[in-house]
Protein chains: 2
Amino acid sequence: MEFEPIKTNKVYEQVIQQIKEMIYRGDIRRGDKLPSERALKKQLGVSRASIREAFSALEMIGLIESRPGEGTFIKEVADKNLLEPLSLALLLEDDVAGELLELRRVLEVDCVRLAAERRNQEDINTLEEIVNKMEIRTGFEEDSINLDRDFHYTIARASKNNVLYYVMTSIMDAMDFHIKHTRTKLVSRPDTMNEFTAQHHRIFSAIKNEDPEKSMQEMGSHLEFVEKLINREIEG
Amino acid sequence: MEFEPIKTNKVYEQVIQQIKEMIYRGDIRRGDKLPSERALKKQLGVSRASIREAFSALEMIGLIESRPGEGTFIKEVADKNLLEPLSLALLLEDDVAGELLELRRVLEVDCVRLAAERRNQEDINTLEEIVNKMEIRTGFEEDSINLDRDFHYTIARASKNNVLYYVMTSIMDAMDFHIKHTRTKLVSRPDTMNEFTAQHHRIFSAIKNEDPEKSMQEMGSHLEFVEKLINREIEG
DNA sequence: ATTTGTATGATGGTCTGACCATTATATTTT
DNA sequence: AAAATATAATGGTCAGACCATCATACAAAT
């Protein structure tokens, strides 16, 4: 005789399940308004508390958005918070920085390859603007960090693969969190920043020239350079 | 004059924030028991409903687990559900299957490279067992699919990069969901299955022989083969 | 005719208090 | 010492209430 463990589905999980199915069936789409909590309470025959527990879970992962006085809506744009859970879980892991750097390199080298193949004029313009701004040093570390982030984000977007873009940005966010202090230190050194700028420029050129091989090579050495600096900084 | 939008932090979000900080500071670790809902209610000065909304969100993303009569605990193992939000968001995207396949190829080719470099005896044993089972065809499509999944999961684990493993498994799960029917069709053809088995065997050999280049090459052609079949199936 | 002000209803956000089923623990009984 | 029982604590669920916010319709003022 074999017994299977009895799983007691919580009410709020069943609510989530039903919403999930509605999305899958195409009953609800981006921007759509969900029924009000009080309406759902009647329709599903559960308490409002359970509805709210389901909604808070769905809101945390960025799938829906509740606005007081208005209602609850399926989010138009899937923002980066989609992988927030991953970031949270990484807080529990040890020595996650190294793994993140490794994964980032894996992803971004292919990212830039796809970007070099698929970039359009708008991508080029955005990248050029960022690279130009990088050359004018403001002296604020925050500016440098933001420009760097924008540069890599834009490349991810230029890959024209949304899933890749989501994952890529999430990994970078998690990285930012884990090596924040180190990063700030790095960009405060003028010589390091000069090298960064030069590397970024070479990556940009390769993308502009539609040269996937060159772009991968340049991105590879750029990330290698960054990783070396970070590791040296971390280890002392 | 510039105005900034006023953000009203919901109570349950602040609860999550506090738990997040406790994790980051190392106050709570894996397996630890959180204070009971009624205790937290007093400590934080909020209602139990708000605590529960926070908990349900954290439980959905797989960070905590509530057990009736016992309490609420930080999960020991971060399960695959970490990227459940991603899977959900992908339901809202169009033409996501192609993007997933592309990303999977990017990830897994490097995955297998790392696996070939870092695999230990246990990895080899597990892979060998799976490959052997694959050669004995049971006739049940489900068995074939499970073995295939195990094969790729094991390689991801052998990369010794947990973050990569998390992302890889999540992508594969999302893929399973989006091309489920197609997949079942493919493994029902004996000739296709024979080719799969041969390819898996070659990948396994490369990993066993610690040959990263060969493993990447074999994995690349395997995935190319799979993608071709899937696209042919989808398009007609 | 346009703007401004007001009243109303619907909605999400929060809290309280209650009851149940399950589990752990202490107590009693054997 | 072991087993049965009672008690307390915990998560799961619910009903009902109140508030702040927003949309809407309508009235008033310009």
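Residues numbered from 1 in each chain as written. Chains lettered and ligands numbered in written order. Predicted model: local features only at pLDDT ≥ 70, side-chain atom pairs only at ≥ 80, totals over all residues. Heavy atoms only, no water.

Undergrad: Just to check I follow, could you spell out the overall build of chain A for this structure?
TA: Counting its regular elements, chain A contains 11 helices and two strands. For chain A, the succession of helices and strands along the chain, N to C, is α-α-α-β-β-α-α-α-α-α-α-α-α. Computed over the C-alpha atoms, the radius of gyration of chain A is 22 Å, more than 25% above the 18 Å expected from 2.2 N^0.38 for a compact globule of 236 residues. Expressed as a percentage of the 236 residues in chain A, the buried residues total 50%. Pairs at least 24 residues apart make up 71% of the contacts formed inside chain A by residues separated by at least 6 positions. Within the structure as shown, chain A displays about 12100 Å² of accessible surface, and the carbon and sulfur contribution to it stands at 48%. On chain A, the mean spot of the 34 positive side-chain charges and the mean spot of the 44 negative ones are 5 Å from each other. (Helix = DSSP H or I, 4+ residues; strand = E, 2+ residues; numbered from the N terminus. Rg over C-alpha atoms; globule rule 2.2 N^0.38 Å. Buried < 20%, exposed > 50% of the residue type's maximum accessible area, 1.4 Å probe, protein only. Contact = heavy atoms within 4.5 Å. Areas by Shrake-Rupley, 256 points an atom, 1.4 Å probe, with all protein chains shown as cover. Lys, Arg positive; Asp, Glu negative; His and termini not counted. Charge placed at Lys NZ, Arg CZ, Asp CG, Glu CD.)

Undergrad: Looking at this structure, how should I read the protein's contact with DNA strand D?
TA: Around DNA strand D, 23 residues are found, and the nearest of them are Lys10(A), Val11(A), Ser50(A), Glu37(B) and Arg48(B). Backbone atoms, meaning sugar plus phosphate, form 66% of the atoms of DNA strand D positioned within 4 Å of the protein. The contact in question runs from a phosphate oxygen of DNA strand D to an N or O atom on the side chain of Lys10(A), over 3.0 Å. Glu37(B) is positioned such that a nitrogen or oxygen atom in its backbone is 2.9 Å from a phosphate oxygen of DNA strand D. Those elements giving two or more residues to the surface near DNA strand D turn out to be α2 (37-44) and α3 (48-60) of chain A together with α2 (37-44), α3 (48-60), β2 (64-67) and β3 (71-74) of chain B. Residue composition of the surface near DNA strand D, by class: four nonpolar, eight polar and 11 charged. (Near = heavy atom within 4 Å. Polar contact = N/O pair within 3.5 Å; in protein donor to acceptor, adjacent residues only side chain to side chain. Nonpolar A, V, L, I, M, F, W, Y, C, P; charged D, E, K, R; others polar.)

Undergrad: For this particular structure, what's the right way to read the interface of chain B and chain A?
TA: Many structure descriptions define interface size as the accessible area lost when the parts assemble. Contacts between the two partners involve 50 residues from chain B, matched on the other side by 50 residues from chain A. Counting each side, the surface lost to burial between chain B and chain A is near 4800 Å², with a carbon and sulfur contribution of 66%. Interface area lost by chain B to chain A is led by Leu92(B), Glu99(B) and Val163(B), which between them contribute 13%. The interface formed by chain B and chain A contains six salt bridges. With a shortest N-O distance of 2.5 Å, Glu102(B) and Arg118(A) are connected by a salt bridge. (Buried area = accessible area lost by both parts, 1.4 Å probe. Salt bridge = Lys/Arg side-chain N within 4 Å of Asp/Glu carboxyl O.)

Undergrad: Could you clarify how one ought to interpret the relation of the copies chain B and chain A in this entry?
TA: Mapping between the two chain copies consists of a rotation about an axis together with a translation along that axis. Once chain B has been moved 0.0 Å along the axis and rotated by 180°, it coincides with chain A to within an RMSD of 0.1 Å. The superposition of one copy onto the other is thereby described by a two-fold rotation axis. For chain B, the minimum C-alpha distance to the rotation axis belongs to Ala57(B) and amounts to 1.8 Å. When the interface residues of chain B are mapped onto chain A, 100% of them are again interface residues, pointing to one common binding face. (Least-squares fit on C-alpha atoms with pLDDT ≥ 70 in both.)

Undergrad: Please explain the domain arrangement of chain A as it appears in this structure.
TA: In terms of domains, chain A is made up of domain 1 (11-74) and domain 2 (82-235). Averaged C-alpha coordinates put domain 1 of chain A and domain 2 of chain A at centres separated by 36 Å. (Domains from an automatic or database assignment.)

Undergrad: Even after reading the chapter, I still don't get the packing of helix α10 (residues 190-208) of chain A against helix α11 (residues 212-235) of chain A, so can you show me in this structure?
TA: Each pair of packed helices gets described by two things: the angle between the helix axes and the distance between those axes. All names here are of chain A. In the contact formed by α10 and α11, the axes pass within 8 Å of each other and the chain directions differ by 160°. Taken together, the axes of α10 and α11 lie roughly antiparallel to each other. Crossing angle aside, the handedness with which α10 passes α11 is left-handed. On α11, the residues that touch Thr 192, Glu 195, Phe 196, Gln 199, His 200, Arg 202, Ile 203, Ala 206 and Ile 207 of α10 are Lys 214, Ser 215, Glu 218, Met 219, His 222, Phe 225, Val 226 and Leu 229. In terms of residue class, the contact of α10 with α11 is made up of eight nonpolar, five polar and four charged. (Axes fitted to C-alpha atoms, helices over the stretch in contact; angles between N-to-C directions. Parallel < 35°, antiparallel > 145°, perpendicular 65-115°, else oblique. Left-handed = near helix turned anticlockwise from the far one by under 90°.)

Undergrad: Just checking my understanding: could you explain the pattern of salt bridges for this structure?
TA: Where charged atoms of side chains with opposite charge meet at close range, the side chains can pair. One pass over the full model with this rule turns up 42 salt bridges over all chains. Between Arg183(A) and Asp176(A) there is a salt bridge whose closest N-O contact spans 2.9 Å. Of the residues examined, Asp176(A) reaches a relative accessible area of 14% and is grouped as buried. Residue Arg119(B) is joined to Glu210(B) by a salt bridge in which the shortest nitrogen-to-oxygen separation is 3.8 Å.

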